[in-house]
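Survey of secondary and tertiary structure
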Amino acid sequence: MADTGPPIAAIAAALQQERRRVGLSLAEVARRAGIAKSTLSQLESGTGNPSLETLWALSVTLDVPFSRLVEPAKQSIRLIRAGEGPRFASDRADYMATLLASSPPNARRDIYLITADVGEPRRSDPHSPGVVEHVVLCAGRAMVGPTGDAVELAPGDYVAYSGDMPHIFEALEPNTMAVLLSEHS
């Protein structure tokens, strides 16, 4: 299984482009995202190793879909074998998100493969207004949804919920796996 980490060069270029687009300084974007200015500087220079939480905070601050910050080069056919693809680890839970498909032009959705293990749940801060998350559980069991109103999913179960409020993904069995579609309005 290939261990494909974050596409750091693509992240660096996208962060610089999006920060310029919104006309904010490095310090202001870092402040609004709740991260250190030095962290953002490292990411923009292509030397950082961003966590899932850091990239989500930046995508919300810059008002862009997460995928816009990490999107690999476009190909006519895209095949991602199991265990491959740009992966992002949570620094708060045993949770890994692999970007499977980013939003094409004129659409606003991203598709992720989620792998998680029993332990600390992945607690997500609110995303941009209007985001809806769709989750189909593939293996294991998990509590998924808005904090305080999450539901238990078994393989094949589907849930949709507002992603612009705090929400969780808590694996209840080892090797839990799901497909998550993040829809941006």
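This section reports on the structure supplied with the text. Computed from a predicted structure; not experimentally measured.

1. Section: the sheet that holds strand β10 (residues 176-183)
Strand order across the open sheet formed by six strands is β1-β2-β3-β10-β5-β8, with antiparallel pairing between neighbours. The sheet terminates laterally at β1 (87-89) and β8 (158-162), the two strands that pair on one side only. Pairs of neighbouring strands in the sheet enclose a mean axial angle of 25°, with direction left out of account. Where strand β2 (residues 95-101) lies against strand β3 (residues 109-116), six bridges are found, and the strand directions are antiparallel. In the sheet register, threonine 98 faces β3, and the bridge partner there is leucine 113.

2. A look at the pattern of salt bridges
All told, the structure shown has nine salt bridges when counted by the stated rule. Ionic pairing is found between arginine 92 and aspartate 91, a salt bridge with its closest N-O pair at 3.9 Å. You can call arginine 92 partly exposed: its relative accessible area is 41%. Residue class for aspartate 91 comes out exposed when judged on its relative accessible area of 56%. In this structure, the salt-bridge partner of glutamate 173 is arginine 141, at a minimum N-O distance of 2.9 Å. On the criterion of sequence distance, the pair formed by glutamate 173 in the loop between β9 (167-171) and β10 and arginine 141 in the loop between β5 (132-139) and β6 (142-146) is long-range, its members being 32 residues apart. Using a relative accessible area of 31% as the deciding quantity, one classes glutamate 173 as partly exposed. Look at arginine 141 and you get partly exposed, because its relative accessible area is 28%.

3. Some details on the sheet that holds β9
Spatial strand order, β4-β9-β6-β7: four strands in an open sheet with antiparallel pairing. Strands with a single pairing partner mark the edges of an open sheet, and in this sheet they are β4 (122-124) and β7 (151-153). Put simply, the sheet's adjacent strands are angled 15° from each other on average, direction ignored. Judged from the three bridges that link them, β4 and β9 form a sheet pairing that is antiparallel. Across the sheet, residue arginine 123 finds its bridge partner in β9, namely isoleucine 168.

4. Overview of the packing of helix α1 (residues 8-22) against helix α4 (residues 52-62)
The interhelical angle for the contact between α1 and α4, taken along N-to-C directions, is 25°, at an axis separation of 10 Å. When the axis of α1 is compared with that of α4, the two are roughly parallel. As α1 runs across α4, the sense of the crossing is left-handed. Note on element contacts: α4 touches α1 through Leu55, Leu58 and Leu62, opposite Ile11, Leu15, Glu18, Arg19, Arg21 and Val22. Looking at the contact of α1 with α4 residue by residue, the classes come out as six nonpolar, no polar and three charged.

5. Structural notes on empty space enclosed by the protein
The full count for this structure, using the stated rule, is two cavities of 30 Å³ or more. Of the voids in this model, the largest cavity is the one considered here, and its volume is about 130 Å³. Contributing to the lining of the largest cavity are 15 residues, with Tyr95, Ile114, Ser124, Glu133 and Leu180 lying nearest its centre. Of all elements in the fold, only α4, β2, β3, β4 and β9 reach the threshold of two or more residues within the lining of the largest cavity. For the lining of the largest cavity, the element with the highest residue contribution is β9, accounting for three residues. Partitioning the lining of the largest cavity into residue classes produces 10 nonpolar, three polar and two charged. Its volume calculated, the second largest cavity comes out at about 50 Å³. Surrounding the second largest cavity, Trp56, Ser59, Val60, Asp63, Val64, Pro65, Phe66, Arg108, His127, Ser128, Val131 and His184 form its lining. Considering each element in turn, the lining of the second largest cavity owes the most residues, three residues, to α4. Residues of the lining of the second largest cavity, tallied by class, amount to six nonpolar, four polar and two charged.

The rules behind each value
- Residues numbered from 1 in each chain as written.
- Predicted model: local features only at pLDDT ≥ 70, side-chain atom pairs only at ≥ 80, totals over all residues.
- Heavy atoms only, no water.
- Pairing = 2+ DSSP bridges.
- Helix = DSSP H or I, 4+ residues; strand = E, 2+ residues; numbered from the N terminus.
- Axes fitted to C-alpha atoms, helices over the stretch in contact; angles between N-to-C directions.
- Salt bridge = Lys/Arg side-chain N within 4 Å of Asp/Glu carboxyl O.
- Buried < 20%, exposed > 50% of the residue type's maximum accessible area, 1.4 Å probe, protein only.
- Parallel < 35°, antiparallel > 145°, perpendicular 65-115°, else oblique.
- Left-handed = near helix turned anticlockwise from the far one by under 90°.
- Contact = heavy atoms within 4.5 Å.
- Nonpolar A, V, L, I, M, F, W, Y, C, P; charged D, E, K, R; others polar.
- 1 Å grid on protein atoms, 1.4 Å probe; cavity = no way out; pocket = protein on both sides within 12 Å on 5 of 7 lines; lining within 4 Å.
- Points joined across faces, edges and corners; volume = space filled by probe spheres on them.

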